[in-house]
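# A structural walkthrough
Next come the chains, spelled out residue by residue.
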Amino acid sequence: MATDATNSILPTRVDPTSARFEANMRFMADLVSGVRNEEEQIREGGGAKAIESQHGKGRRTARERIQMLVDPGSFYELGMYAAYRMYEEWGGAPAAGVITGLARIETRLVMIIANDATVKAGSFFPMTAKKVIRAQNISIENRIPTIYLVDSAGVFLPLQEDVFPDTDDFGRVFRNNAVMSALGIPQIAAIMGMCVAGGGYLPVMCDHVLMTDGSGLFLAGPALVQAAIGQKTSAEELGGAAMHSAISGTVDFREPNDESCLARIRSIIEKWGYRRQSPWDRKKPVPSALAAEEIYGIYDSSPTRPYDIKEVIARITDASKFDEYKPEYGKTLVCGYARIGGFAVGIVANQKLHAHSIDHQGHKRIEFGGVIYTESAEKAARFIMDCNQDLVPLVFLHDVNGFMVGRDAEWSGIIKAGAKMVNAVSNSVVPKITVILGGSFGAGHYAMCGKAYDPRFVFAWPTAKYAVMGGDAAAGTLVEIKIRQLERRGKVLSDEEKKQLYESVKQSYDEQMDPRYGAARLWIDRIIDPMETRDAITIALEAAALNPDVAMFKVGVLQT
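Residues numbered from 1 in each chain as written. Predicted model: local features only at pLDDT ≥ 70, side-chain atom pairs only at ≥ 80, totals over all residues. Heavy atoms only, no water.

### Focus on the nonpolar core
Counting 99 residues, the largest nonpolar core has Leu102, Ile313, Ile347, Val348, Leu397, Phe459 and Trp461 as its most contacted members. When near neighbours in sequence (up to four residues on either side) are disregarded, Trp461 contacts Met28, Ile295, Tyr299, Val312, Val435, Ile436, Leu437, Pro515, Ile527, Ile528, Pro530 and Thr533. One finds Tyr81, Met86, Tyr466 and Ala519 within the second-largest nonpolar core, a separate group that totals 27 residues. (Core = buried A, V, L, I, M, F, W, Y, C linked by side-chain atoms within 4.5 Å. Buried < 20%, exposed > 50% of the residue type's maximum accessible area, 1.4 Å probe, protein only. Contact = heavy atoms within 4.5 Å.)

The following block contains the structure:
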């Protein structure tokens, strides 16, 4: 059926009074509430005693410093779930002991990286280093000025082998400092506590260095200096703010306290000039015509109850408008143009509704929602190439089971079509933003711009599931392998034992599919409330707009 270009507003067929809608609302609200409660616990950092200890030193906590530094209400935290339920044998490391996120200072968009001294004195666990590097990589990709609030005892020594040597470990932080400076990305470091050992290089490799009285900056502390060379000295004499300000000349600004230091940072940023903006088109934002809270009732996590992804799209795009690309072809992937937060975008989304289609032999068939078929992959590959040709950023909305399998699919060239889509995603030069709504399984995860394909940001709803395959299928496969291993050893399991084994395996697998598991390992930048999807994408696009450089788009050899 032809579409009317003069009326690209998406219609809605949602019944908010239906029992299914209300059940979905309750289910999603419970999940979101659970995430918010956990986030409140994470924000407590090392707990009340550690916060009291920080205050006793005349210092603010990392979160207090951030709130004093940034424009009110502008901090958008990333990586809050980093190290979630990890390092429990060491007492845990909430938020990996470092707070990162986007914010505005004097209206300028910046990245904040702040050590949380209430968590093991701000020591670097393996995930701490990876979280700092992830924040720096976001800054590099998007050319975001970066502010470091330094208050760290250095590497967490019991885990030094996983912090020190590799390409995504501690040393990469300083390498990134140098690369960012060479790229012209402004960096400000404020030493507001301890900054010792190799960590001392971070602030000194930044463009501006500030330091508060009572802080310490040295390659080796007094105890280590005495042990190494027999020299006795106080921390203040060895590496205090007065020494670095007047003698070594390392510090640009010596400040009496946190408040003065944070005010100085704002004063420096307020005087910065403006760089050329990127070419992404933006107009004045227009709110969606439909209520975002209705997403709660629209999304259905049950595979037996498909939902229409266009109902979700209608609640995140400006004025609920969407110019759908090839709507009658490859229907299990929805592609089209829209605006989000005023930015022009191309959207690639998995359609969960089952679709009627006709194959090349004229045979009618049903295509399962959430599955990528040959026609869907070819359509998406072409659409992605068009967006790159026209300089339109891409937004991927995941709820994908994977690519279609079986004889008919193989004969239709599913691998070839999938390779074409993966090629287009891999070589895409426009900003890519990924939002995982539901399942993100197997090669479907790759084709829809999973983490390995360099999306600028990865967001996930609390309903996201992240794995090679779904829990039931994976558990069945793993249990079958285990049963065969046991049988080869002469042990035959009863039906009850098989059931218990299945439940145990499935529980473990389901835990690994949970978005919090992925967020703990930084596969996901932020777990978002579905109602905030539009805001999250807008913030990501604002960050991407700071980078004016766009490489030439080339795809190399495409399978045809």
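Read on for the rest.
### What to know about helix H20 (residues 533-544)
Between its first and last C-alpha, H20 extends 17 Å over 12 residues, near the 16 Å set by a 1.5 Å rise per residue. Burial of H20 is extensive: 11 of the 12 residues sit out of reach of the surface. Every buried residue of H20 is listed here: Thr533, Arg534, Ala536, Ile537, Thr538, Ile539, Ala540, Leu541, Glu542, Ala543 and Ala544. (Helix = DSSP H or I, 4+ residues; strand = E, 2+ residues; numbered from the N terminus. Expected span 1.5 Å × (residues − 1).)

### What to know about a nonpolar patch on the surface
Together, Tyr201, Met205 and Leu219 make up an exposed nonpolar region whose accessible area comes to about 300 Å². Within the secondary structure layout, Tyr201 lies in helix H6 (residues 201-204). Judged by its relative accessible area of 45%, Tyr201 falls in the partly exposed class. (Patch = residues over 30% accessible without salt bridge, like charges linked within 9 Å, V, L, I, M, F, W, Y side chains within 5 Å. Areas by Shrake-Rupley, 256 points an atom, 1.4 Å probe, with all protein chains shown as cover. Salt bridge = Lys/Arg side-chain N within 4 Å of Asp/Glu carboxyl O.)

### What about the packing of helix H13 (residues 374-389) against helix H15 (residues 414-427)?
Each packed pair of helices is defined by two parameters, the angle between the axes and the distance between the axes. Contact pair H13 / H15: the axes reach a minimum separation of 8 Å and the direction vectors enclose 20°. Looking at the two axes, H13 sits roughly parallel to H15. Handedness of the H13/H15 crossing: left-handed. Where H13 abuts H15, its residues Thr374, Ala377, Glu378, Ala380, Ala381, Ile384 and Met385 lie against Ile414, Ala417, Gly418, Lys420, Met421, Ala424 and Val425. When its residues are assigned to classes, the contact of H13 with H15 shows 10 nonpolar, 2 polar and 2 charged. (Axes fitted to C-alpha atoms, helices over the stretch in contact; angles between N-to-C directions. Parallel < 35°, antiparallel > 145°, perpendicular 65-115°, else oblique. Left-handed = near helix turned anticlockwise from the far one by under 90°. Nonpolar A, V, L, I, M, F, W, Y, C, P; charged D, E, K, R; others polar.)

### Observations regarding the packing of aromatic side chains
Per the counting criterion, the structure on display carries 13 aromatic pairs. Ring centres 5.2 Å apart and planes at 45° place the aromatic pair Tyr325 and Phe383 in the tilted group. Of this pair, Tyr325 sits in strand E9 (residues 323-325) while Phe383 sits in helix H13, placing them 58 residues apart in sequence. Of the residues examined, Phe383 reaches a relative accessible area of 0% and is grouped as buried. Every member of this aromatic cluster is reached through a ring pair, and the members are Tyr76, Phe457 and Phe459. Here Arg108 stacks its cationic end above the ring of Tyr274, 4.1 Å away from the centre of that ring. Lying over the aromatic face of Tyr517, Arg521 brings its terminal NZ or CZ to 3.6 Å of the ring centre. (Phe/Tyr/Trp six-rings, centres within 6.5 Å; stacked < 30°, edge-to-face > 60°. Lys NZ or Arg CZ within 6 Å of the ring centre and 35° of its normal.)

### Brief notes about the packing of helix H4 (residues 126-142) against helix H5 (residues 170-182)
Where H4 meets H5, the closest approach of the two axes is 9 Å, and the angle between their N-to-C directions is 20°. Judged on the interaxial angle alone, H5 and H4 are roughly parallel. The interaxial crossing formed by H4 with H5 has left-handed handedness. Note on element contacts: H5 touches H4 through Phe170, Arg172, Val173, Asn176, Asn177 and Met180, opposite Ala129, Val132, Ile133, Gln136, Asn137, Ser139 and Ile140. Considering only residue class, the contact of H4 with H5 consists of 7 nonpolar, 5 polar and 1 charged.

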